[in-house]
Amino acid sequence: METIRQIINEIKLNFGAEVVSFTLHRVTGIALVCFLFLHIWTLSAVFQGPEAFNTAASKFDSPAGHFMEYMLLLAVIAHLVNGVRITLIELFDLTAVQGRLQLVSVGVFVFIAGYTINILF
Amino acid sequence: MTNGSSLWPWLLQRVSGLLLSTGVIVHFWTLHDGGGPPVYAEVAARLVSPCWVSFYILLLAALLYHGLNGLWAVFLDFDTGHSSKSVFKTTLYVIGAFAFYTGATVLTGFSP
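Residues numbered from 1 in each chain as written. Chains lettered and ligands numbered in written order. Predicted model: local features only at pLDDT ≥ 70, side-chain atom pairs only at ≥ 80, totals over all residues.

Asks: Describe the overall build of chain A, listing the residues and the values that go with them.
Replies: If you tally the helices and strands in chain A, you get five helices and zero strands. The order of helices and strands in chain A, counted from the N terminus, is α-α-α-α-α. For chain A, whose C-alpha radius of gyration is 18 Å, the value lies well above the compact-globule estimate of 14 Å for 121 residues. Dimensions of chain A, computed from the C-alpha atoms along their principal axes, are close to 55 × 40 × 25 Å. In chain A, the proportion of contacts linking residues at least 24 apart, taken out of those at least 6 apart, comes to 63%. (Helix = DSSP H or I, 4+ residues; strand = E, 2+ residues; numbered from the N terminus. Rg over C-alpha atoms; globule rule 2.2 N^0.38 Å. Contact = placed C-beta atoms within 7 Å.)

Below is the structure:
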């Protein structure tokens, strides 16, 4: 608990774009690992035949299901775009232009979020 | 970097991340196109195709490595004692092996 409080405190002290993307990367990363296990488990319904699988899948074909799917996509894209940004900075020593890179990655995220918004409907 | 031997995990985390970036986009674009879950026939068609099954086994391995190594990196930030480190590391290995076995069984054990 003490460590968590300390981490939250450090986030507050260094608050800025870098800390936000760092925190988002970790939160989305942990959420995506948890989701992977759910995804494997859902898919295993394919063994129980077409009807069981379609029944299991249809539970996600609802407004709430589509909302979760969209949130999942946003988490994936945020994690992906930020990961590519980190990799580019590390491999090509781009620390000097990292502010602009951050803007580009936010731009890419917003574009994909807008492009795929029809998932919600 | 935490110690002298973490170059390989660092590099593999980047390599698996780039693999996942392309793989997950292909997966989403082709199977969840337009939103909503795929129907049985679409999934069944994938599970009988050796190419798709190989693609997904590779994706599963990259995902588990990337995800569990990521959890390890988060854990290291908490600066815990030596024994809880090895307990957590063993737990991650067990989860990884079990999830890979389960996932690979689901991917390869299907017959229409």
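Further notes follow.
Asks: Would you mind going over the interface of chain A and chain B in detail, with residue names and values included?
Replies: Counting from both sides, the interface comprises 29 residues of chain A and, opposite them, 26 residues of chain B. For the side of chain A that touches chain B, the secondary-structure elements that each account for two or more residues are helix H2 (17-43), helix H3 (49-58) and helix H4 (63-92) of chain A. Among the elements that take part in the side of chain A that touches chain B, H2 of chain A stands out by supplying nine residues, more than any other. Among the residues making up the side of chain A that touches chain B, the classes are represented as 18 nonpolar, eight polar and three charged. (Nonpolar A, V, L, I, M, F, W, Y, C, P; charged D, E, K, R; others polar.)

Asks: Which residues make up H2 of chain A, and what values go with them?
Replies: The end-to-end C-alpha distance of H2 of chain A is 37 Å, a good match for the 39 Å that 27 residues give at a rise of 1.5 Å each. Those residues of H2 of chain A that fall on the buried side of the exposure criterion are Thr28, Gly29 and Leu32 of chain A. On the buried face of H2 of chain A, the contacting elements are H4 of chain A together with helix H3 (50-76) of chain B. (Expected span 1.5 Å × (residues − 1). Buried ≥ 20, exposed ≤ 12 C-beta atoms within 10 Å, placed from the backbone.)

Asks: Tell me about the environment of Phe35 of chain A, and please be specific about residues and values.
Replies: When you line up the elements, Phe35 of chain A lands in helix H2. The sequence separation of Phe35 of chain A and Leu72 of chain A amounts to 37 residues, and the corresponding C-alpha distance is 8.6 Å.

Asks: Talk me through the packing of H2 of chain A against H3 of chain B; I want residue IDs and the actual numbers.
Replies: Taken N-terminus to C-terminus, the directions of H2 of chain A and H3 of chain B make an angle of 135 degrees; their axes are 10 Å apart at the nearest point. By the criterion of interaxial angle, the relationship of H2 of chain A to H3 of chain B is oblique. Handedness of the H2 of chain A/H3 of chain B crossing: left-handed. Each of Arg26, Gly29, Ile30, Leu32, Val33 and Leu36 of chain A in H2 of chain A lies in contact with H3 of chain B, whose residues at this interface are Leu63, Gly67, Gly70, Leu71 and Val74 of chain B. For the contact of H2 of chain A with H3 of chain B, the class distribution of residues is seven nonpolar, three polar and one charged. (Axes fitted to C-alpha atoms, helices over the stretch in contact; angles between N-to-C directions. Parallel < 35°, antiparallel > 145°, perpendicular 65-115°, else oblique. Left-handed = near helix turned anticlockwise from the far one by under 90°.)

Asks: Break down the nonpolar core for me, with residues and values.
Replies: As a rule of thumb, soluble globular proteins bury nonpolar side chains together. Counting 13 residues, the largest nonpolar core has Phe53 of chain A together with Tyr56, Leu59, Leu60, Leu63 and Leu64 of chain B as its most contacted members. Those residues within four positions of Leu64 of chain B in sequence are excluded, and the remaining contacts are Gly96, Ala99 and Phe100 of chain B. (Core = buried A, V, L, I, M, F, W, Y, C linked by C-beta atoms within 7 Å.)

Asks: Pulling in residues and values, what's your account of the packing of H2 of chain A against helix H4 (residues 82-108) of chain B?
Replies: Between H2 of chain A and H4 of chain B, the least distance of the axes is 10 Å, while the angle of their chain directions is 30 degrees. As for the relative orientation of H2 of chain A and H4 of chain B, their crossing is left-handed in sense. Contacts between H2 of chain A and H4 of chain B involve Phe37, Ile40 and Leu43 of chain A from the first element and Ala99, Thr102, Gly103 and Val106 of chain B from the second.

Asks: Now, about the environment of Gly107 of chain A: what can you tell me, with residues and values included?
Replies: You can see Gly107 of chain A is positioned in helix H5 (residues 98-115). For the pair Gly107 of chain A and Gly49 of chain A, spaced 58 residues apart in sequence, the C-alpha to C-alpha distance is 43 Å.

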